[in-house]
Amino acid sequence: MKLFLLNDIINKYLEAFFDSNLYGLNLDFFQFLSYYLILMSLFNSIIGVYDINNGKSAHLATLNSTNFSINILLQIVFCILTIFFCNQDFFFLSSFQNLKSFFTVDYYILWSSMIVSVSGILILCLSSTYILQTRKDTLELPTLFCFSISFMFFLLSANNLMSAFVSLEGLSFVLYVLSALNFSSHLSIEAAVKYFCLGGLSSGILLFGISVIYGVSGTLNFLQLRRYFGWLSVQDFSLGGNFNLILWIATFFIIAGFLFKLSSYPFHYWTPDVYEGAPLIITAFFAIVVKFTIFMFFLRIYNFVFLFFNTSFFLFIPALGSIIIGSLGALKQQKLKRFVAYTSINQVGFLLLALANSSFYGNCAAILHLLVYIVMSFGLFAFLLGVSNFFDEISLSFLHDLKNFGQKNTTVSWAFTVILFSMAGVPPLGGFFGKYLILLSTLMGNYHSNIFIVIIVLLVNVISTFYYIRIIKYIWFGSLEVKSLFFFYNESMVFFFVLNLSAFFLIFTIFFIPQLINFCIYLAKGITPTFL
C-alpha cells in the first residue's frame with residue numbers, strides 16, 4: 001500500500017511535468033531525450049575524429065581538461081537548442097510531428113525507460129573507470145553508448161511494428177560496432193562478423209513476419225492489430241484454414257526474430273562468441289541494458305498484440321531449451337566470458353518460461369526476475385571489472401584464475417559469493433524469489449504438462465547450482481600453496497560500491513519483497529489484457 005501511495009504521488013508530479021492525463025504521457029520529453037542523445041553522440045563523434053588541442057586528425061582521440069570543458073559547454077548549447085526545437089513548429093520539423101502516431105508513452109514505458117537510463121548511467125560510470133584502468137581513453141565507447149540508449153528509448157515507446165523494427169535495427173547496428181570495438185583482437189573481429197551475419201538473417205526473418213502481418217491486416221499499429229486479432233479470436237478464425245496458417249507463420253517469424261535478439265535457444269549460438277570477443281564492459285552492456293530493453297518491449301508486444309493466438313508452445317520449447325543448454329553449456333566452460341554468456345542464456349530461459357504462461361502472474365514474475373537479474377548482473381560485472389593484475393598485466397580470462405582470491409580480498413569475495421548464491425536461486429536471497437514465482441506461475445497454468453516442466457527445470461537448476469558453487473570453491477577453498485595473482489582495484493570506489501550495493505540488495509530483498517511484488521503488479525497491469 002505504501003508503494004501504491006508513493007506511485008500515486010509520483011504520478012501526480014509526472015502529470016504536471018509532462019502535461020498529460022492518467023492514461024498517457026506527452027511525447028515531447030521522450031523526443032527531447034532521444035534528440036539530445038543523438039546530437040550529443042554526433043558531437044562526440046566529431047571530437048573523436050578531430051583533436052581540438054593540436055589540430056590533427058586522430059583515430060583514437062583523447063580529451064584533456066580544455067577539450068572536456070568545451071565538450072560540456074557545447075552539450076549545454078545542444079540541450080537548449082533541442083528544447084527550443086521540440087517546442088517550435090518549424091516547417092522542417094513538422095514531419096516529426098507525424099511520427100507521434102508511431103510512438104506512445106504510458107507508465108510501463110516510463111518506468112522501463114527510467115530503469116534503462118539508470119542502468120546506462122551505471123554502465124557509463126563503470127566504463128569511465130574501466131577506461132582509466134586499461135588506459136584506453138577513447139571517445140568511441142561513450143558515444144556509441146549514447147546512440148544505443150537513444151534507440152532503446154525509441155524501441156520502448158514504439159507503437160507500430162515498423163517503428164519498432166527501425167528502432168531495433170538502429171540499436172543492432174550500434175551493437176555490431178560495439179562488439180568489434182576491440183579491433184586489435186581477432187576474436188573481437190570474428191565475433192562481430194558472426195553477429196552481423198546472423199543479426200542480418202534474424203532481421204530478415206522479423207521483417208518477413210511483419211510484412212505478412214501487414215498484408216493480412218492492412219495495418220501495423222499495435223492498437224489496430226489488437227482489435228483485429230481480437231475480432232478474429234471472437235470469430236474463431238472462421239475465415240478459412242489458409243488464412244489461419246498465414247497468421248501463425250507470421251507470428252512464428254516475428255517471435256523467432258525477437259528470440260535471436262534475446263539470445264534464446266535455438267538462436268543462441270552467437271552469444272558465447274560475441275561475449276568472449278567483446279571487451280568486458282561491452283559484455284556487461286549486452287547482458288544488462290540491451291537484454292532488459294528488448295525483453296521489456298517483447299513482453300509488451302506479446303501481451304498487447306499476439307496473446308490472442310495460442311502461441312505458448314512457441315515459447316515453452318525455447319524456454320526449456322535455453323534453461324537446459326545454458327546450464328549444460330556453463331557446466332563445461334572454463335573461460336570466464338563464455339561462462340557468463342551461458343548463464344545469461346539460462347536466465348533468459350526463465351524469463352521466457354514466465355512469458356509462456358500467458359498469465360498476469362507470469363508477467364509479474366518475469367518483471368520481478370528481470371529486475372533482480374539486473375542487480376545480480378551489475379554486481380557480477382562490477383567484480384569482474386574490478387579484478388586486475390597490474391604487475392604482469394594479465395587479464396582475468398579463466399575461472400581458475402580466481403583460486404584463493406578470497407585470501408587477500410575478503411570483503412569483495414563475500415559480496416561476490418552472495419551474488420553467486422543468488423544467481424543459483426538459493427533462499428532467502430533475491431534470486432530465489434524470481435525463480436520461485438516463475439515456477440509457481442507455471443504450476444498455475446492451464447496445461448497439464450506444466451508439472452513435468454517444473455520438475456525438469458528444478459532438476460536442471462541443481463546442475464546450475466553446482467557450477468556456481470565450483471566458483472565459490474575456487475575463491476575460498478583452493479590449495480594454500482597457490483597464491484592468487486589477481487587483486488581487486490580498490491582505488492576505484494565505483495566497482496566497490498556497485499558490488500556491495502548489489503550484495504546488500506540481494507540479502508535484504510526478503511524484507512521488502514511485498515513492495516517489490518506490488519511494483520511488478522503495477523507494471524504488469526499496463527500490459528496484461530483484462531481477460532487474463
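The following refers to the structure shown. Because the structure is predicted, anything quoted here is derived from the model rather than measured.

Remarks on the overall build of the chain
When helices and strands are tallied, the chain shows 20 helices and 2 strands. Relative to all contacts within the chain whose residues are 6 or more apart in sequence, the contacts with residues 24 or more apart total 81%. When the accessible surface of the chain is summed, it comes to about 23200 Å², and 71% of that surface belongs to carbon and sulfur atoms.

Quick look at the side chain of threonine 442
When you line up the elements, threonine 442 lands in helix 17 (residues 430–443). Within the structure, the side chain of threonine 442 is placed 2.8 Å from the backbone oxygen of isoleucine 438, a separation counted as a polar contact. Residues contacting threonine 442, with those up to four places away along its chain left out, are Leu353, Asn357, Asn450, Ile453 and Val454.

Describing the side chain of serine 148
With respect to the helices and strands, the residue serine 148 is situated in helix 6 (residues 140–156). Given the relative accessible area of 0%, serine 148 is considered buried. Sequence-distant contacts of serine 148, that is, excluding residues within four places in its chain, are made with Leu171, Val174 and Phe285.

Concerning the packing of aromatic side chains
Going through the model one piece at a time under the given rule, you end up with 25 aromatic pairs. Plain terms: the ring middles of phenylalanine 298 and tyrosine 302 are 6.1 Å apart, the flat faces sit at 45 degrees to each other, and that makes the pair tilted. With a gap of 4 residues between them, phenylalanine 298 and tyrosine 302 both fall in helix 12 (residues 280–304), about one helical turn apart. Classification of phenylalanine 298 by relative accessible area gives buried; the value is 2%. Between phenylalanine 339 and tyrosine 467, the ring centres sit 5.5 Å apart and the planes meet at 90 degrees, which makes this aromatic pair edge-to-face. On the criterion of sequence distance, the pair formed by phenylalanine 339 in helix 14 (residues 336–356) and tyrosine 467 in helix 18 (residues 450–476) is long-range, its members being 128 residues apart. By the burial criterion, phenylalanine 339 is buried, and tyrosine 467 matches it. An aromatic cluster is present here, built from Phe173, Tyr176, Tyr195, Phe196, Phe260, Trp270 and Phe286 joined pairwise through their rings. The cationic tip of arginine 226 hangs over the ring face of phenylalanine 304; the distance from NZ or CZ to the ring centre is 4.3 Å.

Some details on the environment of serine 327
Structurally, the position occupied by serine 327 is in helix 13 (residues 312–331). Relative accessible area serves as the criterion here: at 1%, serine 327 is assigned to the buried category. Spatially, the C-alpha atoms of serine 327 and glutamine 347 are 9.6 Å apart, while their sequence positions differ by 20 residues. If near-sequence neighbours (up to four positions away) are discounted, serine 327 is found in contact with Asn346, Val460, Ile463, Ser464 and Tyr467.

Details of the packing of helix 14 against helix 18
It is the contact of helix 14 with helix 18, at a shortest axis distance of 12 Å, that shows an interaxial angle of 155 degrees. As the angle between them shows, helix 14 and helix 18 are arranged roughly antiparallel. The way helix 14 lies across helix 18 gives a crossing that is left-handed. Across from Phe339, Thr343, Asn346, Gln347, Phe350 and Leu353 in helix 14, the residues of helix 18 making contact are Ile453, Val457, Asn461, Tyr467, Tyr468 and Ile471. Among the residues forming the contact of helix 14 with helix 18, the class breakdown is 8 nonpolar, 4 polar and no charged.

Things to note about helix 16 (residues 410–424)
Along its 15 residues, helix 16 runs 21 Å from first to last C-alpha, staying within 8% of the 21 Å computed at 1.5 Å per residue. Extensive coverage of helix 16 is indicated by the burial of 11 of its 15 residues. Within helix 16 the residues assigned to the buried category are Val412, Ser413, Ala415, Phe416, Thr417, Val418, Ile419, Leu420, Ser422, Met423 and Ala424. Following helix 16 by one or two positions, glycine 425 has its phi on the positive side, about 85 degrees.

Each value, and the rule that gives it
Residues numbered from 1 in each chain as written. Predicted model: local features only at pLDDT ≥ 70, side-chain atom pairs only at ≥ 80, totals over all residues. Heavy atoms only, no water. Helix = DSSP H or I, 4+ residues; strand = E, 2+ residues; numbered from the N terminus. Contact = heavy atoms within 4.5 Å. Areas by Shrake-Rupley, 256 points an atom, 1.4 Å probe, with all protein chains shown as cover. Polar contact = N/O pair within 3.5 Å; in protein donor to acceptor, adjacent residues only side chain to side chain. Buried < 20%, exposed > 50% of the residue type's maximum accessible area, 1.4 Å probe, protein only. Phe/Tyr/Trp six-rings, centres within 6.5 Å; stacked < 30°, edge-to-face > 60°. Lys NZ or Arg CZ within 6 Å of the ring centre and 35° of its normal. Axes fitted to C-alpha atoms, helices over the stretch in contact; angles between N-to-C directions. Parallel < 35°, antiparallel > 145°, perpendicular 65-115°, else oblique. Left-handed = near helix turned anticlockwise from the far one by under 90°. Nonpolar A, V, L, I, M, F, W, Y, C, P; charged D, E, K, R; others polar. Expected span 1.5 Å × (residues − 1).

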